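The residues making up each chain are set out below.
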Amino acid sequence: MADRDQPRIVGTPFRRVDGVAKVTGRTRFADDLAFPRMVHLKLVRSHVPHANIKEIDTSAAERIDGVIHFVRGEDMPNTFGILPVSQDEHALAFEKVRFVGDAVLGVVALTEDAAEEATRAVKVDYEELDTIGSVEEALVTSTDKIHEYGDEGNIHKKVSMEFGDVESGFDDADLVLEDTIFYEGNTHLAMEQHAAVAVPEGDGKITVWSATQTPHYVHRALAKVLELPAAHIRVIACPNGGGFGGKSDPFNHEIVAAKAALQIGRPVKICLTREEVFYCHRGRHPVTMHVKTGFKKDGAIVSQHLKTALDGGAFGSYGVASTYYTGALQTVTYKVPRYRFDGLRAFTNKPPCGPKRGHGTPQPRFALEVHLDKAAHALGMDPADIRLNHLQPKNSVTANWLKIGSMGLEECLQKVIDGSGWRQRYGKLPEGHGLGIACSSYLCGAGLPIYWNHMPHTGVQIKLDRSGGVAVFCGEIEIGQGSDSVLAACVAEVLGIDLKDIRLCVGDTDLTPVDLGSYSSRVTLMMGNAALQAAERAKELIAEAVAERLQVPAGQLVFAERRVFDASDPERGMTFSEAVATAESKFGTLGTTGSYTPPRSPGRFRGAGVGPSPAYSYSACVIEVCVDRETGCYTVPKVWIAHDVGRSINPALVMGQVEGSIYKGLGEAMMAESALRRLPKKRSNALVHKFPSMLEYKSPTFLDMPEIVTYLVEDPDPNGPFGAKEVGQGPLLPVMPAVCNAIFDAVGVRIDQVPAHPQMILQALDDKARGGPGRYGPKRFPDVSWGEPLRVPTPDEGGDGKAINAEQVGVRGGTMKEDPEGVKS
Amino acid sequence: MSEHVTATYRVNSEGRTIAHPAHHTLLEVLREACGLTGTKHGCELGECGTCTVLIDGEPQLSCLVLAREVEGAAIDTVEGLEGRDLHPLQKTFADLGAAQCGYCTPGILMAAKALIERKPTPTRADVCEALSGNLCRCTGYIKIIEAVEWAAALCRGESGARPADASLYGVCKEKPHG
Amino acid sequence: MMRLPTFTYVGAKTLEDAVTALADDPEGTRLVAGGTDLWPNLKRRHQGARSVVGLRRVAGLRGITGDPAAGVTIGAMTTLTDILRCPMLRDGYPGFVRAVASISSPVLRNMGTLGGNLCLDTRCTYYNQNEEWRQSIGYCMKEVGDTCWVAPGSPRCWAVQASDSAPALCSLDAHVVLHSTAGERVIPIADLYNDDGIVYLTKSRTEILTEIRLGPAGARRSTYWKLRRRGSIDFPVLGVGVALELDGGTVSSAKIHLGAVHSFPVAATAAAAHLLGKSLTEDVIAEAAELAKDPASPLDNTDFTLQWRRRMVGSYVDGALRELAGLPPKATPSVHGEGALALEV
Ligand SMILES: Cc1cc2nc3c(=O)[nH]c(=O)nc-3n(C[C@H](O)[C@H](O)[C@H](O)COP(=O)(O)OP(=O)(O)OC[C@H]3O[C@@H](n4cnc5c(N)ncnc54)[C@H](O)[C@@H]3O)c2cc1C
Ligand code: SF4
Ligand code: FES
Ligand code: FES
């Protein structure tokens, strides 16, 4: 362990291991692949939002030169989906379509040009159905249901849970505050459009290369829909040109490409257009929220009740988990002794929503942090203090039974308060200038897997031989976050070798141990631990053999500088390759494995599967804005952010993740939205994505980025490899509320919704000038009857983590029957 | 099948005579006919900058260039950037983590190369402006800006210390626009 | 990957080649200059072409001649970057150069030409979409549909004039030269535009725009204020081109043209007239700015809301006039092109 205390690689800003490939154009993304005899697939997509399919006429398309094959939905009757409880997608719709963009037919041609032309020649006859465009509509519409399953009508999922007696908490409060807040949906917009290539192996087996964050789940979906043994399907995840959650579902285009390849016996490639990527979506849910909190005079929360309504789009996707996530993490930053959460997700005829960076938590975090800012003002407190004085303690259990380990939020807050000059500047900047503060927390991977089982969440295999080279195998996927570098660094660190000595083989369901995927910020912590275990085991073997040969106690050997030597006499030792050869002579062919399964969480109630994590990262952020009262336009000149990452494996890459999170957060706060548009109902049934393009879906440019001051707070977490926690998602969360809180400081109006557009600020300013409250935001939360909540006594109340009324509440019909307990992450 | 043309292109200083569909863009010809897949695409409509290559030294969007219109012109792609060693831009991008997923990187490298050749000492505002037609969804741009500045210093022959070290752990950084 | 449709390509070497090819099949032929508007439109299939005539190799269409004292002529194939790199244009016609500096992004300015910019198709968020999307709304009047979705009762198309240089050049009274097999004609640039989102140019399809002529710069002050979401790439949601001459302390001539709030660069004539004979006080400017809102007809077919864009017309005209009067700004423009001007020196 001596060298682990003073790591040589971990903690340094080393060059990422995939860096050179990426700056030379050598990285092979999915669309860069080509195979002999490869042909091209395009999907015909529905142009109506909700309809029964009457007929698909391919006669004109068949006549187009180069068209060789059509793939039909009837050929793939099995459904799929990421969660076992919502297997509600068909690879190609053959009975009905549920949104504009739903795929109905695959066209294969010798060239992509011909395939594209042929999709336009296909005629689909539809019988149109009524459409549902919002949560409100879903709540009142019972005819023309989008799906046959769901908790009720067009409500996909409805949950209600109460931890402690929330109502009596409100009675004890000095101030009870209520807010209704809206968060518009938005999308990942990874620069790379999804692509996949399916290559038949000739013996009934098939390999699918894809831009996916979750090859393991693509593998499962392919086996199910193609009705092939999983062992005969190989999924290889190419490095993703950005993912952000948008490549975390198994997608229809991957399955159709595989089906086509099997049907015609040729490699089949598909690359989506940007518009099609907007249809795949799985982006941030639009969420309307109502939050009611009772505070003591000193700002302490006594009770909180949060309601969320998610507009889910046309399919389940991760939606059940997303719904729970809008309530799960509200308790991990500040003490919330009593907490009630009601959430629902509606089906609508829109592209399906799913997980985007922060999965389900940025929306309620926005609501909470804006709400706290208002509470601080109502109580005459500094918004920094209402946070600082009531932090959830480290090594504690929250009211909703989440186990908190390390917790560096206090230090994060101090850093940004000091760095931004908050105490001297807040509330005192010149007219139009303002500061806003907000905090957040995020998971380091979910405590339970999507498919409930006792197997590890990730595995790493190491193969070593006399060459001194070390090959590391893991199912993880490099999506830009730096997971390859973390994997290599963990192994190199333990074995005392160079990053250069390591060869990685990742994201290949045939060759690498299962890793569940690059989502929910799980990779560094989980894969890192598995890599450490595998490397420590390899080190042990080598040490035993070397100890024998050198006649030195194994515990006295040091692995460093590509050598293995005696700590007390460094001259006494051998090169790493000699050491491996020694071990190979003693033990035969060398290989070790490591795996990781998160610790069990204390919650024992239905829904307790969402929220637990081996560790939580924390962030605090101060943002400065400059608002023009004349136009409502505003800029963000500077951002201070502190992130508790536990321990940086590579601080340069950690900073990059923080900066990228700020970028995404500012986009969501200021401009990015996945708005849908209906045409006048009298004239048209259309319900379309307003701006499915790179130009009109606004993503900030180089000229829109502020100065960023980043502080990395390192409070190593015992559950993290080298103490490391996540960084990819957490730092995004405080950005949106900090912007809106800063707008308030600058011009005294509340924008209770994002994106906060200039016209909203002007409208709120006008309202204020007329003597109104000076607020822009949603007026009301939809009327929902939540029924009896699941009641779970809190740890403070002496609860045991179980619900006391599980029988009365029962199991709603909301999930598909397959595995009602299976929705965990 | 569509009409084909045979044309000679000068890509990374090498002449290539290629037959390709007459209506194909330079992007398609580079990726599909020349096998130079280093040049990426994100929209094919001029909206993202990912497909940027140099045509006679100027950054242009290969998705909006009809290939046959640039027959004879000097075309430079990311594959030509590296000589025996990495180009300074490649070194600094790799070292600072300015390429995360790396998908926007080839286009940004080409735009940056044109900038530092035309303006060896660009201001930070120049870097932001010159690259403002290239979107990156991963980095938040900061590391890219630092990498371009560092590479410019290296190209000027300055020893050029790694810039990001100074900004780690909360030491204030310079303003992107200042 | 989005692909171009097939077409016959004619690489013209001379102006005669080009006008002849156009005259052969005016309805089925399109010109391409930089291609930054034409190629996306063909890829999305809202424009079609049997043949495309490339102007890139036509001799004599690229370049800037003359000087601000006598007047300047700019060839239609001159790129936007060429214009930014021309010091005399900066000195003589700052409003025009600033408009060019605020167009799209540097990469696109390396490709786009001034002629293409002036002939840019009108834009609309119901129209600048892929074919599959447009099929979902049953298309619109600008194509094969019969409804304008922006104003469903309207008998006309309200697609937005989207060129930044057009309003600036209109305010500067520039002229354009049009060339066809029938010969050459010179018209004021404002006359190039039609009050219609579909037939947005008055020039016939057989005519090629060859030159842009700017008169002597004189003592005219000019500026251009552009409103858009981001610091780069975005089309204008409002453009304000202003040119003024002062005689002693009072305004002797004034032109204000508004871009992106109508199907053509609309003149704010009442606002401009209000300035004449007056000195540029805060009050006079504010009154003119209020008048300028009148001719603007923003509709819901760009980024942002139409109510806000209408309100911004006042703020931006006010801002542009204050700048020319040397008064401190009330509103700061979202982009002023300074970065581009600094980069392209
Ligand atoms: C992402 C993006 C952002 C953009 N942002 C802006 C912006 O902010 N402001 C702006 O003004 N523009 C913008 N543009 C539009 C375009 O890039 C510019 O207007 C450019 O100047 C067009 O010139 P071009 O040479 O590329 O035109 P082309 O595409 O070659 O031609 C445009 C049209 O003009 C016709 N044409 C071209 N030359 C002539 C001629 N000499 N005579 C007659 N007709 C001719 C063509 O037939 C075609 O119909 C943007 C484009 C994109 C893709
Ligand atoms: S303004 Fe109306 S007719 Fe014109 S493009 Fe837009 S929707 Fe179509
Ligand atoms: S691919 Fe997006 S600009 Fe060319
Ligand atoms: S590094 Fe991923 S888009 Fe730039």
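Residues numbered from 1 in each chain as written. Chains lettered and ligands numbered in written order. Predicted model: local features only at pLDDT ≥ 70, side-chain atom pairs only at ≥ 80, totals over all residues. Heavy atoms only, no water.

Within chain C, the regular secondary structure consists of 13 helices and 12 strands. In terms of overall size, chain C behaves like a compact globule, its C-alpha atoms giving a radius of gyration of 20 Å where 345 residues would be expected to give roughly 20 Å. For the C-alpha atoms alone, the extent of chain C along its principal axes is close to 60 × 45 × 35 Å. Here chain C holds 345 residues, and 64% of them are scored as buried. Long-range contacts, defined here as pairs at least 24 residues apart, represent 63% of the contacts in chain C between residues at least 6 apart. Summing over all exposed atoms, chain C offers an accessible surface of approximately 11200 Å²; the carbon and sulfur share of this is 53%. The distance from the centre of the 36 positive side-chain charges to the centre of the 36 negative ones in chain C is 5 Å. (Helix = DSSP H or I, 4+ residues; strand = E, 2+ residues; numbered from the N terminus. Rg over C-alpha atoms; globule rule 2.2 N^0.38 Å. Buried < 20%, exposed > 50% of the residue type's maximum accessible area, 1.4 Å probe, protein only. Contact = heavy atoms within 4.5 Å. Areas by Shrake-Rupley, 256 points an atom, 1.4 Å probe, with all protein chains shown as cover. Lys, Arg positive; Asp, Glu negative; His and termini not counted. Charge placed at Lys NZ, Arg CZ, Asp CG, Glu CD.)

Quick look at the overall build of chain B now. Secondary structure summary: chain B contains 6 helices and 5 strands in total. The globule rule puts the C-alpha radius of gyration for 178 residues at 16 Å, and the 17 Å found for chain B is close to it. For the C-alpha atoms alone, the extent of chain B along its principal axes is close to 60 × 30 × 25 Å. In chain B, buried positions account for 67% of the 178 residues.

In this complex, chain C contributes 37 residues to the contact, which on the side of chain B involves 38 residues. Interface area, chain C with chain B, both sides summed: about 3200 Å², of which 55% is carbon and sulfur. When the area that chain C buries against chain B is broken down by residue, the three leading residues are Met1, Val107 and Leu343 of chain C, summing to 20%. In this structure, the connection of chain C to chain B is made through 6 salt bridges. Glu344 of chain C is the partner of Arg118 of chain B in a salt bridge, and the nearest nitrogen-oxygen pair spans 3.3 Å. At the junction of chain C and chain B, the tally comes to 17 residue pairs in polar contact (both at pLDDT 80 or more). Taken together, the elements giving at least two residues each to the side of chain C that touches chain B come down to helix 2 (38-43), helix 6 (106-111) and helix 13 (338-343) of chain C. With 6 residues, the top contributor of residues to the side of chain C that touches chain B is helix 6 of chain C. (Buried area = accessible area lost by both parts, 1.4 Å probe. Salt bridge = Lys/Arg side-chain N within 4 Å of Asp/Glu carboxyl O. Polar contact = N/O pair within 3.5 Å; in protein donor to acceptor, adjacent residues only side chain to side chain.)

Next up on the list: the site of ligand 2. Cys124, Cys140, Cys148, Cys157 and Trp158 of chain C are the nearest of the 13 residues found near ligand 2. Across the shell around ligand 2, the residue classes break down as 11 nonpolar, 1 polar and 1 charged. (Near = heavy atom within 4 Å. Nonpolar A, V, L, I, M, F, W, Y, C, P; charged D, E, K, R; others polar.)

Turning next to unusual backbone geometry. Note: most residues except glycine have negative phi, and most peptide bonds are trans. In this model, Val754 of chain A is joined to Pro755 of chain A through a cis peptide bond whose omega is -5°. Here Pro755 of chain A shows up in the loop between strand 32 (753-754) and helix 20 (758-769). Although it is not a glycine, Ser13 of chain B adopts a positive phi angle of roughly 65°. Its location among the elements puts Ser13 of chain B in the loop between strand 1 (4-11) and strand 2 (14-21). Look at Ser104 of chain C: it is not a glycine, yet its phi comes out positive at around 40°. Checked against the element boundaries, Ser104 of chain C lands in the loop between helix 5 (94-101) and helix 6. Residue classification places Ser104 of chain C among the buried positions, given a relative accessible area of 13%.

Glancing now at helix 11 (residues 362-378) of chain A. Every α-helix carries 3.6 residues per turn, so stepping three or four residues along brings you back to the same face. For helix 11 of chain A, built from 17 residues, the straight-helix expectation of 24 Å at 1.5 Å per residue is met to within 8% by its first-to-last C-alpha distance of 24 Å. Of all 17 residues in helix 11 of chain A, 15 are buried; the element is thus mostly enclosed. (Expected span 1.5 Å × (residues − 1).)

Formed by 249 residues in total, the largest nonpolar core has its most connected members in Ile743 of chain A together with Phe96 and Ile256 of chain C. If we ignore the near neighbours within four places in the chain, the residues touching Phe96 of chain C are Ile74, Ile83, Leu89, Leu114, Ser165, Ala168, Leu169, Leu172 and Leu214 of chain C. If you look at the next biggest cluster of nonpolar residues, it comprises 53 residues, including Val10, Ala488, Val494 and Ala531 of chain A. (Core = buried A, V, L, I, M, F, W, Y, C linked by side-chain atoms within 4.5 Å.)

Time to look at the domain arrangement of chain B. In many reports, interface size means the accessible area that the parts give up when they come together. All names here are of chain B. Split by domain assignment, chain B resolves into domain 1 (4-81) and domain 2 (88-155). Here the C-alpha centre of domain 2 lies 21 Å away from the C-alpha centre of domain 1. Opposite the 16 residues of domain 1 that make contact, domain 2 presents 13 residues. Summed over both partners, the interface of domain 1 with domain 2 buries about 1300 Å², with 67% contributed by carbon and sulfur atoms. When the buried surface of domain 1 facing domain 2 is broken down by residue, Leu54, Val78 and Leu81 rank first, second and third, together holding 38% of it. Counting across the domain 1 and domain 2 interface gives 0 salt bridges. For the pair domain 1 and domain 2, the interface holds 4 residue pairs in polar contact (both at pLDDT 80 or more). In terms of residue count, strand 3 (residues 52-55) provides more of the side of domain 1 that touches domain 2 than any other element does, 3 residues in total. (Domains from an automatic or database assignment.)

Here we take up the side chain of His147 of chain A. All names here are of chain A. Tracing the backbone through its elements, the reader meets His147 in the loop between helix 5 (135-140) and strand 7 (155-163). At 2.6 Å, the side chain of His147 forms a polar contact with the backbone oxygen of Ala314. Excluding residues within four positions of it along the chain, His147 makes contact with Asp88, Arg98, Asn154, Ala314, Phe315 and Phe347.

Surveying the vicinity of ligand 1 reveals 34 residues, the closest of which are Leu31, Gly34, Thr36, Thr113 and Asn117 of chain C. Residue neighbours of ligand 1 fall on chains B and C, so the site bridges chains. In the environment of ligand 1, an oxygen atom lies 2.6 Å from a nitrogen or oxygen atom belonging to the side chain of Thr36 of chain C. Out of a free accessible area of 970 Å², ligand 1 has 97% covered by protein chains. Residue assignment for the shell around ligand 1 shows that the elements contributing at least two residues are strand 2 (29-32), helix 7 (114-118) and strand 8 (208-214) of chain C. Residues belonging to the shell around ligand 1 are distributed by class as follows: 18 nonpolar, 10 polar and 6 charged.

On to the packing of aromatic side chains. Residue and element names in this part refer to chain A. Counted by the stated rule, this structure contains 18 aromatic pairs over all chains. Taking 6.4 Å as the distance between ring centres and 10° as the angle between the ring planes, the aromatic pair formed by Phe163 and Tyr339 counts as stacked. Taken together, the positions of Phe163 in strand 7 and Tyr339 in strand 15 (residues 339-346) put the pair 176 residues apart, joining distant regions of the chain. Judged by its relative accessible area of 0%, Tyr339 falls in the buried class. For the pair Phe163 and Phe605, a centre-to-centre distance of 5.3 Å together with 65° between the ring planes defines the contact as edge-to-face. With Phe163 in strand 7 and Phe605 in the loop between strand 25 (590-596) and strand 26 (616-627), this pair connects stretches of sequence that are 442 residues apart. Its relative accessible area of 9% is what places Phe605 among the buried residues. The ring of Tyr519 is capped by Arg522, whose NZ or CZ atom sits 5.8 Å from the centre of that ring. (Phe/Tyr/Trp six-rings, centres within 6.5 Å; stacked < 30°, edge-to-face > 60°. Lys NZ or Arg CZ within 6 Å of the ring centre and 35° of its normal.)

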